[in-house]
Structure formats: structure tokens, C-alpha cells
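Listed below are the residues making up each chain.
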Protein chains: 2
Amino acid sequence: MKRLGILLSGRGSNFLAIAESIRLGRLKAEIAIVISNRADAAGIASADALGLKTLILPSKGRPREEHDQQVVTALREAGAELIILAGYLRLLSPWFVQQFPAAILNIHPSLLPAFPGLEAQRQALDYGVQVSGCTVHFVDEHLDHGAIILQKQVPVLPTDDEHTLAERILEQEHIAYSQAIALIASGDYRIEGRRVLPGRTKK
Amino acid sequence: MKRLGILLSGRGSNFLAIAESIRLGRLKAEIAIVISNRADAAGIASADALGLKTLILPSKGRPREEHDQQVVTALREAGAELIILAGYLRLLSPWFVQQFPAAILNIHPSLLPAFPGLEAQRQALDYGVQVSGCTVHFVDEHLDHGAIILQKQVPVLPTDDEHTLAERILEQEHIAYSQAIALIASGDYRIEGRRVLPGRTKK
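For clarity, every value in this text was computed on a predicted model and none was experimentally measured. (Residues numbered from 1 in each chain as written. Chains lettered and ligands numbered in written order. Predicted model: local features only at pLDDT ≥ 70, side-chain atom pairs only at ≥ 80, totals over all residues. Heavy atoms only, no water.)

Caption draft 1: Quick look at the domain arrangement of chain A. All names here are of chain A. When its domains are assigned, chain A resolves into domain 1 (1-100) and domain 2 (107-135 + 151-203). Here domain 1 and domain 2 have C-alpha centroids that lie 20 Å from each other. Domain 1 puts twelve residues into the contact, and the matching count from domain 2 is ten residues. Of the roughly 990 Å² buried between domain 1 and domain 2 on both sides combined, carbon and sulfur atoms contribute 66%. When the buried area of domain 1 at its contact with domain 2 is split by residue, Asn 14, Leu 27 and Leu 82 rank highest and sum to 40% of it. Applying the counting criterion to the domain 1 and domain 2 interface returns zero salt bridges. Linking domain 1 to domain 2 there are four residue pairs in polar contact (both at pLDDT 80 or more). Elements supplying a minimum of two residues to the side of domain 1 that touches domain 2: strand E1 (2-8), helix H1 (13-23) and strand E4 (82-85). Ranked by residue count, the leading element in the side of domain 1 that touches domain 2 is H1, at five residues. Tallied by class, the residues present in the side of domain 1 that touches domain 2 amount to seven nonpolar, three polar and two charged. (Domains from an automatic or database assignment. Contact = heavy atoms within 4.5 Å. Buried area = accessible area lost by both parts, 1.4 Å probe. Salt bridge = Lys/Arg side-chain N within 4 Å of Asp/Glu carboxyl O. Polar contact = N/O pair within 3.5 Å; in protein donor to acceptor, adjacent residues only side chain to side chain. Helix = DSSP H or I, 4+ residues; strand = E, 2+ residues; numbered from the N terminus. Nonpolar A, V, L, I, M, F, W, Y, C, P; charged D, E, K, R; others polar.)

Rendered as C-alpha cells:
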């Protein structure tokens, strides 16, 4: 069973969906630690209520390298093998990324490479697309850029505002993230170029 | 019944799908003229075989403005009201675009804004997306950029190469283009920002 290290900054709805998948036996993994860079993150209170190990490491006003080192140390001490970003509002340093090669996952509320960055749902509406969705991807040194593990599409409806669209995408995020973690935890995949394909590399 | 002016450079499979939709009565429109900028375009032979008015206006080695003026004149003389780009491998000049405001349509084999330009299917595979599709959009002065009229998604499968993906997208193109033309020909839509929405502007 892979040990997950969860990083969040807010309510962590994706973290809660992952915890629920584990509870229901749909995702064979365990949550080793939940770390927030903000003391007021509601996700930490939820994690405490679930009896999970939690840690608050405030990032505000601290040098990135110093904070990243603290987080990596805490993840290591907890034995985390897969790092799951669940609304972690902080870009990881290249050094951080290198500590967990092909083992840091993020989820983004658009079909990347369309609409990276903040307010992806608003960007999608403003551009006038009719298909959007979510993307689970490996984290690399660039924003919302690593190899794609899983994408799910949702329609954008004429009646949508950013809230209704965000809600429809979030439903798919909650499904997609656990599926993607299960795939990576199983090891039964290979990376060819940027494509993440089912099945191990043929020897 | 709106009169369509078709511009193509190759076999024009989207043109043929539109002609078939008209024949079957699914699309209420008529094809006023089919123009190619290449003498060897197979689409022109197909159009001749269907008894449509055709015209070859070679673009090679000619100044863009002069060629664009010839094409616009021919479209006007044929009474074309909606201009349909069906694999027309030539960027329209701003002057051309201004001659037919909100009346020039193009189709692109990706979910724009992802993968504009040439070889969109190859770009999608190289990026490793799992959802792609096609986009019918108004043409503006920028490449693959105008307001989106219709998008359809297709899955990208682990076994896909650019040919199988292109084929799966093309099936949806053939459906999407006629649907989009029907919507614009009906006039029953409005543009808010970049969003194309059903229903006329409320007075």
C-alpha cells in the first residue's frame, strides 16, 4: 500500500474525496500525513477529525527553500511515497520536485494545456469553449505542465457561470484523482515522451 | 436558404460532408460556389461531379491582397453569404475577414485554444492529452482564434497514432460542421464576449 503525503492550503475537497475512496476500499493506499501551509486551512480540521496525522508549516513570509525543506523533511519522516497536491497554493521549487521523481501529482480544473494557472474555469468561460474538464498530471518545474495521467471532460453549458461550471468539473475531479492515484500506485504504467500509457515498460 | 461559399485546397472531406447533409435535408442551405486555390485539389473534381459551380484561383506566387480580392469578388458574384473554409490552407487577410463580418467559418481538429496551427492531432499526441476533438469557429484576423461556435470531444486512446486519432476526430468534424452552419444560418444565436449562445440577443 502506497503511503500518500497530502499538501493543501484550503478546504481540500479533493483530499476528502481521496480519503473517502480509501475508506470505501476503492483506492488501496493510506494517508501518511496531511500538511498545510496555512494555519486556517479547513482541510486540516477535516483531517484531524478523520484521525489522520496533520502538520501546519506556515509559508507566509518565509524563504521558499527553507519552507520546502521543512515540508520535504516532514513528508520523509512520515514515510510518504506519493505526494498529492490538493489545492496547494504554492509553486514547488525545482529542488522539491527532484526529491520525489515522478511521484508528485496535481489536479487542475481544465483540459490542459488549455487554461493553466488561476481561475481556469473563468478562463474557459471567457474563451467560450464548450468542452472543459480536469487534468491529473505529474508535477514538474513548470506551472501546470507535467505529463498527463488522466483527463476527464465536462460540457460547458450556455447557462453556465463560473460557479456551476466549477461544480460540474469538481465532481469529475473527485473521481479522477483517486483513479489516477490508483494507477500510479499500482506501478502498472509507462511514460513515453509525455504520454502516460497503461502497462509497464516492455523489457 | 443561406448560400454557402466553400473554400478548399485539398480533398475537402468536410465540404463533402456538408454537401451530403444538404442532400439529405439535414442542413437547409445551398452551395453557391466551391473555390480552390490549387488546381489539383481533389475537392474541385468532387464538386464538379456533384454539378456545383467551381472555380480555381491559383494563389501560388501571387500577392495575398490581389488573390484575396479575386476570391472575394468571385464569392460576391456567386451570391455567397456564409463562407466555409474546408481545408483552405491559406490565412485570410484582415481585409478579407472584414468583407464578411461574423460570416466566415473554419473547423480545426483540436479543442481550441489547445493545439492551434498545423498538425493539431500530432501536437495533441505529443502533449499526451487524453481528450481532444474539433472546433468550429468564426474566423478572425488571428490563426485559429475566433469565437467558438461548436466543439465536440473525442477520446485519445493509448493505442492511437496520429492517423487513428485524426480519423476519429474527422468523424466528429463531419457532424459538427453541418450543425454549426445550421445554427449560424438560422440566425438564432448571439455572441456575448467570445461566447456563442443559443437564442437571439434580447431586445
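Caption draft 2: Local environment of the pattern of salt bridges. Residue and element names in this part refer to chain A. Inspection of the entire model under this criterion finds 16 salt bridges over all chains. For Glu 66, the salt bridge is made with Arg 62, and the minimal N-O distance between the two is 2.4 Å. A residue is classified by how much of its surface remains accessible, and Glu 66, at 41% relative accessible area, is partly exposed. Sharing partners across several salt bridges, the network here consists of Arg 122, Asp 126 and Glu 162. (Buried < 20%, exposed > 50% of the residue type's maximum accessible area, 1.4 Å probe, protein only.)

Caption draft 3: Inspection of the packing of aromatic side chains at higher detail. Residue and element names in this part refer to chain B. Enumeration over the complete set of coordinates arrives at six aromatic pairs over all chains. Judged by centre distance (6.2 Å) and plane angle (45°), the ring pair of Phe 96 and Phe 100 falls under tilted. Phe 100 carries the same exposure label as Phe 96, and that label is buried. Lying across the ring of Phe 100, Arg 76 places its NZ or CZ 5.5 Å from the centre. (Phe/Tyr/Trp six-rings, centres within 6.5 Å; stacked < 30°, edge-to-face > 60°. Lys NZ or Arg CZ within 6 Å of the ring centre and 35° of its normal.)

Caption draft 4: Inspection of the relation of the copies chain A and chain B at higher detail. Each copy superposes on the other: chain A lies on chain B with an RMSD of 0.0 Å after a rotation of 180° and an axial shift of 0.0 Å. Expressed as an axis order, the relation between the two copies is that of a two-fold axis. Considering only C-alpha atoms, the part of chain A nearest the rotation axis is Ala114(A), at 2.7 Å. (Least-squares fit on C-alpha atoms with pLDDT ≥ 70 in both.)

Caption draft 5: Layout of unusual backbone geometry. Residue and element names in this part refer to chain A. Omega for the bond connecting Leu 112 with Pro 113 falls within 30 degrees of zero, at 15°, which places this linkage in the cis form. Within the fold, Pro 113 resides in the loop between strand E5 (104-108) and helix H5 (120-127). A positive phi angle is found at Glu 119, which is not glycine, with a value near 50°. Structurally, Glu 119 is set in the loop between E5 and H5. On the accessibility criterion, Glu 119 (53% relative accessible area) is exposed.

Caption draft 6: Region of the structure containing the side chain of Ser178(B). Within the element layout of this structure, Ser178(B) appears in helix H6 (residues 162-186). Not counting chain neighbours up to four residues away, the residues in contact with Ser178(B) comprise Ala17(B), Ile18(B), Ser21(B) and Leu27(B).

Caption draft 7: Looking closely at the confidence of the model for chain A. Of the residues in chain A, 99% have a pLDDT of 70 or more, and the chain-wide mean is 96. Across the assembled chains, the prediction reports ipTM 0.93 with pTM 0.94. (pLDDT = per-residue confidence, 0-100.)

Caption draft 8: Examining the pairing of strand E7 (residues 148-155) of chain A more closely. Residues and elements named next belong to chain A. Burial analysis of E7 places six of its eight residues in the buried class, the great majority of the element. Summarising the sheet, strand E6 (residues 131-138) and E7 pair through seven bridges and their orientation is antiparallel. Across the sheet, the residue bridging to Val 131 is Pro 155, located in E7. (Pairing = 2+ DSSP bridges.)

Caption draft 9: Structural context of the interface of chain A and chain B. Contact residues are listed per partner, giving 27 residues for chain A and 28 residues for chain B. Summed over both partners, the interface of chain A with chain B buries about 2,200 Å², with 56% contributed by carbon and sulfur atoms. Sorting the residues of chain A by area buried against chain B places Tyr127(A), Gln130(A) and Arg195(A) first, and these three jointly supply 31% of that buried surface. At the surface where chain A touches chain B, the tally comes to zero salt bridges.

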